[in-house]
Amino acid sequence: MPEEMKVGCARPMGGPVGEQQAEEQPEAGGETGQETRREERTMVKVGRKAPDFVAPAYHKGKFVTVKLSEYFGKWIVLCFYPGDFTFV
Amino acid sequence: MSVDSVFVHKMWNDVELSKMVSGGIPFAMLSDAAGRVGSLYDVYDIDAGVETRGRFIIDPDGIIQGYEVLTPPVGRNVMESLRQIQAFQLVRQSKGTEATPSGWKPGKPTLKPGPDLVGRVWEHWKTSMAFD
């Protein structure tokens, strides 16, 4: 499951993993780039596979790296929100 | 998941959220500093530089069963999310032989879709059941 990470000054970043990352890579021609982006946006649909990603996280006192697909096999609720210390 | 760093998550949990939830937040607080995951899920607001209130229910096969996205000033209804998860779990357990009509919650009758139900839903489901 999530693996603990070393704490440094660099700000670790999350991002897509797997297929959609390959799709993101720019190919020859501007047209393709736009189409790739559209493809990426339509990835999220009900009845379709959830796009996999990795992201740094704080979990019960530890800094860890979380990969979505490591939680497959359980029910997952993935929540986005505007920001820490906001009011709602 | 928000665009805040894991350090900010730690401070928010330790300083404030642990006062609301005993023992602190039990699940992982994810950081999406560049909004790349939010963009992937189409909930990142590039002008404001934050994620909107997106909530995705993902089943054990990794399939997205439902989602909801709200603009920042309106909070979510956790009970509704739980109700949806319970409904999806029931449907999954029945291997698709049962469906949950509008207004369903645990304990209320389900529908069994099939040729016999065509035109006869009114016998099993009343409009009032959407509201009670």
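## Some thoughts on the sheet that holds strand β4 (residues 53–58) of chain B
Step number 1: Strand order in the open sheet formed by three strands is β5(A)-β4(B)-β5(B), with antiparallel pairing between adjacent strands. The sheet is open, and its two borders are formed by β5 (76–79) of chain A together with β5 (64–70) of chain B, each paired with just one other strand. Between one strand axis and the next, the sheet turns through 10° on average, direction left out of account.
Step number 2: Examined bridge by bridge, β4 of chain B and β5 of chain B share six bridges and lie antiparallel to one another. Across the sheet, arginine 53 of chain B pairs through a bridge with leucine 70 of chain B, a residue of β5 of chain B.
Step number 3: Across the sheet, helix α3 (residues 78–93) of chain B lies against β5 of chain A together with β4 and β5 of chain B, angled at about 20° from β4 of chain B, the strand it touches most.

## Concerning the interface of chain A and chain B
Step number 1: Each side of the interface is counted separately: chain A has 43 residues, and chain B has 48 residues.
Step number 2: For the side of chain A that touches chain B, the elements supplying multiple residues, two or more each, are β2 (15–16), α2 (30–41), β3 (53–59), β4 (62–67) and β5 of chain A.
Step number 3: A total of six residues in the side of chain A that touches chain B trace back to one element, the largest contributor, which is β3 of chain A.
Step number 4: The residue makeup of the side of chain A that touches chain B, split by class, is 27 nonpolar, eight polar and eight charged.
Step number 5: Pairing of β3 of chain A with strand β1 (residues 29–30) of chain B involves two bridges; the strand directions are antiparallel. Bridged to tyrosine 58 of chain A within β1 of chain B is methionine 29 of chain B.

## So, the environment of alanine 34 of chain B
Step number 1: Among the structural elements, alanine 34 of chain B can be located in the loop between β1 and α2 (36–40).
Step number 2: Taking the C-alpha atoms as reference, alanine 34 of chain B lies 9.6 Å from tyrosine 44 of chain B; in sequence the two are 10 residues apart.

## A few points about the confidence of the model for chain A
Residues and elements named next belong to chain A.
Step number 1: Counting all residues, the mean pLDDT for chain A is 80, and 73% of those residues have values of 70 or more.
Step number 2: Taking the mean pLDDT of every element in chain A, the minimum, 51, falls on α2 and the maximum, 98, on β5.
Step number 3: This model gives residues 21–27 a pLDDT under 50, and the stretch forms nine contacts once residues within four places in sequence are excluded.

About the thresholds
- Residues numbered from 1 in each chain as written.
- Chains lettered and ligands numbered in written order.
- Predicted model: local features only at pLDDT ≥ 70, side-chain atom pairs only at ≥ 80, totals over all residues.
- Pairing = 2+ DSSP bridges.
- Helix = DSSP H or I, 4+ residues; strand = E, 2+ residues; numbered from the N terminus.
- Axes fitted to C-alpha atoms, helices over the stretch in contact; angles between N-to-C directions.
- Contact = placed C-beta atoms within 7 Å.
- Nonpolar A, V, L, I, M, F, W, Y, C, P; charged D, E, K, R; others polar.
- pLDDT = per-residue confidence, 0-100.

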